[in-house]
2 protein chains.
Amino acid sequence: MNIGDVSARTGLPAKTIRYYEDIGLVKPLRDNNGYRVFRSQDVHKLNFLGRARALGFTIEDCRTLMALYEDETRASADVKKVARAHLAQIEAKIADLNAMRDTLGHLVDACAGDDRPDCPILQDLGGNP
Amino acid sequence: MNIGDVSARTGLPAKTIRYYEDIGLVKPLRDNNGYRVFRSQDVHKLNFLGRARALGFTIEDCRTLMALYEDETRASADVKKVARAHLAQIEAKIADLNAMRDTLGHLVDACAGDDRPDCPILQDLGGNP
DNA sequence: CTTGACCTTCCCGTGACTGGAACCCCCATT
DNA sequence: AATGGGGGTTCCAGTCACGGGAAGGTCAAG
């Protein structure tokens, strides 16, 4: 299978697939003409990577998770550890964003949004309590 | 005032302040020895930028907001527009992250986290429904 | 034989900084 | 006068996970 087909099948852009090869996440074969040739196991890996990335795992996490996936003797504790660390990061980010949303939401609500210059948003940014 | 003092006063790293000068957000004077000299209005601007960045505004948004801040004839509608667009982005990101958290949370809960290899997290990433 | 859709590599750009090297400046102490 | 330390300066490279685009090779159809 060529990269275009794999892209269609996995939903990953061809650029991304090439990048994943570059950094050693997937190792397709090569045809005589230099084209990449993907086996079904490569497609499977790429789907795995796509799902892991969609859950927000970093590339390095993906590498770790792939290694665990392929290690039949893994301990699920190792997987869970990676996932829980990532979950904690997600939750931290959600908390940050919620704080921003609250502050910004109040400011937006307080702003008249008309053609006059008075603006609580700018007042807040300018340091007015 | 030198950059170290400004850094202490604004909480922004000196590197960041230099970067902000680089991209034209702030224009400190220069002493004979080449040192940057910050006036109180520069410090004020930097505080403004720090607060805007803390609310997650992009640098380009900050540039826009600063311009509005300094424009006495602004319409608050223009400020509100920028803020609302950013708020929408924040909310979209929160929604994404909440979805990730929910999925990942369930998977983590379902994972035994022991020394056996069976792992619902990897099963899900591997494409098992 | 040509067209057009693929494929290849390579290099640059993204956003908002951060780290580090190499060097200058000023003040205080020995 | 030399030295040491704590400022400051510039510039270059790296981050993360790609995306855009150029320049060129390959393949199947008309």
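All of the points below concern the structure found in this document. (Residues numbered from 1 in each chain as written. Chains lettered and ligands numbered in written order. Predicted model: local features only at pLDDT ≥ 70, side-chain atom pairs only at ≥ 80, totals over all residues. Heavy atoms only, no water.)

So, about the protein's contact with DNA strand D. In the region of DNA strand D, 19 residues are neighbours, and A:Lys15, A:Tyr20, B:Gly4, B:Tyr35 and B:Arg36 sit closest. Restricting the count to atoms of DNA strand D within 4 Å of the protein gives a sugar and phosphate share of 69%. Here A:Thr16 contributes a side-chain N or O atom positioned 3.0 Å from a phosphate oxygen of DNA strand D. For DNA strand D, a phosphate oxygen lies 3.3 Å from a polar atom in the side chain of B:Arg30. Of all the secondary-structure elements, those providing two or more residues to the surface near DNA strand D are α2 (14-22) of chain A together with α1 (3-10) and α2 (14-22) of chain B. Looking at the surface near DNA strand D, the element that brings in the most residues is α2(A), giving four residues. Partitioned by chemical class, the residues of the surface near DNA strand D number seven nonpolar, six polar and six charged. (Near = heavy atom within 4 Å. Polar contact = N/O pair within 3.5 Å; in protein donor to acceptor, adjacent residues only side chain to side chain. Helix = DSSP H or I, 4+ residues; strand = E, 2+ residues; numbered from the N terminus. Nonpolar A, V, L, I, M, F, W, Y, C, P; charged D, E, K, R; others polar.)

What follows deals with the interface of chain A and chain B. With 51 residues of chain A at the interface, the matching set in chain B holds 51 residues. For the pair chain A and chain B, the two sides together bury roughly 4200 Å², of which 75% comes from carbon and sulfur. At the surface where chain A touches chain B, the tally comes to zero salt bridges. At the boundary of chain A with chain B, the tally comes to 16 residue pairs in polar contact (both at pLDDT 80 or more). Among the elements that line the side of chain A that touches chain B, the one with the most residues is helix α5 (residues 76-110) of chain A, at 21 residues. Broken down by class, the residue content of the side of chain A that touches chain B amounts to 27 nonpolar, eleven polar and 13 charged. (Contact = heavy atoms within 4.5 Å. Buried area = accessible area lost by both parts, 1.4 Å probe. Salt bridge = Lys/Arg side-chain N within 4 Å of Asp/Glu carboxyl O.)

Once that is clear, we can look at the side chain of B:Ser76. Relative to the elements of secondary structure, B:Ser76 occurs in helix α5 (residues 76-110). Residue B:Ser76 is classed as buried on the basis of its relative accessible area, which comes to 0%. Those residues in contact with B:Ser76, other than ones at most four positions away along the chain, are A:Cys111, A:Ala112, A:Gly113, A:Asp114, A:Arg116, A:Pro117, A:Asp118 and A:Cys119. (Buried < 20%, exposed > 50% of the residue type's maximum accessible area, 1.4 Å probe, protein only.)

Here we come to the nonpolar core. Of all hydrophobic cores here, the largest spans 72 residues; its most connected members are A:Leu46, A:Phe57, A:Ile121, B:Leu46, B:Phe57 and B:Ile121. Apart from the residues within four sequence positions on either side, A:Ile121 is in contact with A:Leu107, A:Val108, A:Cys111, B:Val79, B:Lys80 and B:Ala83. (Core = buried A, V, L, I, M, F, W, Y, C linked by side-chain atoms within 4.5 Å.)

Below, the discussion takes up the protein's contact with DNA strand C. Neighbouring DNA strand C are 19 residues; A:Gly4, A:Arg36, B:Lys15, B:Tyr20 and B:Arg53 lie closest to it. When the atoms of DNA strand C within 4 Å of the protein are grouped by moiety, sugar and phosphate amount to 70% of the total. In this structure, A:Arg18 approaches DNA strand C through a side-chain N or O atom, which is 3.2 Å from a phosphate oxygen. B:Arg53 places a side-chain nitrogen or oxygen 2.8 Å from a phosphate oxygen of DNA strand C. Looking at the surface near DNA strand C, the elements with two or more residues in it are α1 (3-10) and α2 of chain A together with α2 of chain B.

Geometric values such as these leave the question of function open.
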